[in-house]
Amino acid sequence: MKKNFEKCLEMLLHHEGGYVNHPEDPGGETNLGVTKRVYEEWGGTKDMKALTVKDVAPIYKKKYWDLIKGDELPSGVDWCTFDWAVNSGPSRAAKAVQKVIGANPDGAIGPKTLTLLAKQDPKYVVEQFGKIRQEFYESLSTFKTFGRGWTRRNDETTTKATEMVSV
């Protein structure tokens, strides 16, 4: 929902935390959830350790929220889709939504996906989305290293998204 971006960004930043550069993380150097590659493609020039919320918020809006059509998704569905778009890419998150609702999983949420989504129970979509997300995590070779954190994040996101649907 359009009104949810700021709230979803705040929750996302709680998940993403601060600066990290884990040697087993394929994303490499990251701060506030934004990888160095994404930040530099955006045109950023600051040292990664110096990034602020003000630096990353426009990146999240344009490269993730807008791509998943966050303003047009039902409350709760917007949150879980946004969180996974940041964590694993907008296309993967969009395909999960599309799979749940029976749309062509092309990785781009457009008018057809939104029309089908409007006919679905958002709580069902959130629950199924969380299952697809968990299955994906468990299929990754890095699950042994990062799986506990990913599972916690998915559980927290699914719980909060379900609460958002109910409001």
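One can find the structure itself at the top, above this paragraph.
As the structure is a prediction and not an experimental result, all values here were calculated from the model. (Residues numbered from 1 in each chain as written. Predicted model: local features only at pLDDT ≥ 70, side-chain atom pairs only at ≥ 80, totals over all residues. Heavy atoms only, no water.)

**Q** For this particular structure, what's the right way to read the packing of aromatic side chains?
**A** Geometrically, a pair of aromatic rings is defined through the distance of the ring centres and the angle of the planes. Taken as a whole and judged by the stated rule, the model has 11 aromatic pairs. Seen from their ring centres, Phe146 and Trp150 are 5.6 Å apart, and the 35° between their planes marks the pair as tilted. On the criterion of helical spacing, the pair formed by Phe146 and Trp150 is a turn pair, its members being 4 residues apart in helix 8 (residues 143-166). Its relative accessible area of 16% is what places Trp150 among the buried residues. One aromatic cluster in this structure is built from Trp84, Phe129, Phe136, Tyr137, Phe146 and Trp150. Sitting over the ring of Phe5, Lys61 keeps its end group 5.9 Å from the ring centre. (Phe/Tyr/Trp six-rings, centres within 6.5 Å; stacked < 30°, edge-to-face > 60°. Helix = DSSP H or I, 4+ residues; strand = E, 2+ residues; numbered from the N terminus. Buried < 20%, exposed > 50% of the residue type's maximum accessible area, 1.4 Å probe, protein only. Lys NZ or Arg CZ within 6 Å of the ring centre and 35° of its normal.)

**Q** Help me out: how do you make sense of the environment of Pro74 in this one?
**A** The residue Pro74 is located in the loop between helix 3 (53-65) and helix 4 (77-88) in this model. Judged by relative accessible area, which is 23%, Pro74 ranks as partly exposed. Along the sequence, Pro74 and Gly18 sit 56 residues apart, while their C-alpha atoms lie 29 Å from each other. Apart from residues lying up to four places away in sequence, Pro74 is in contact with Met1, Leu117 and Pro122. (Contact = heavy atoms within 4.5 Å.)

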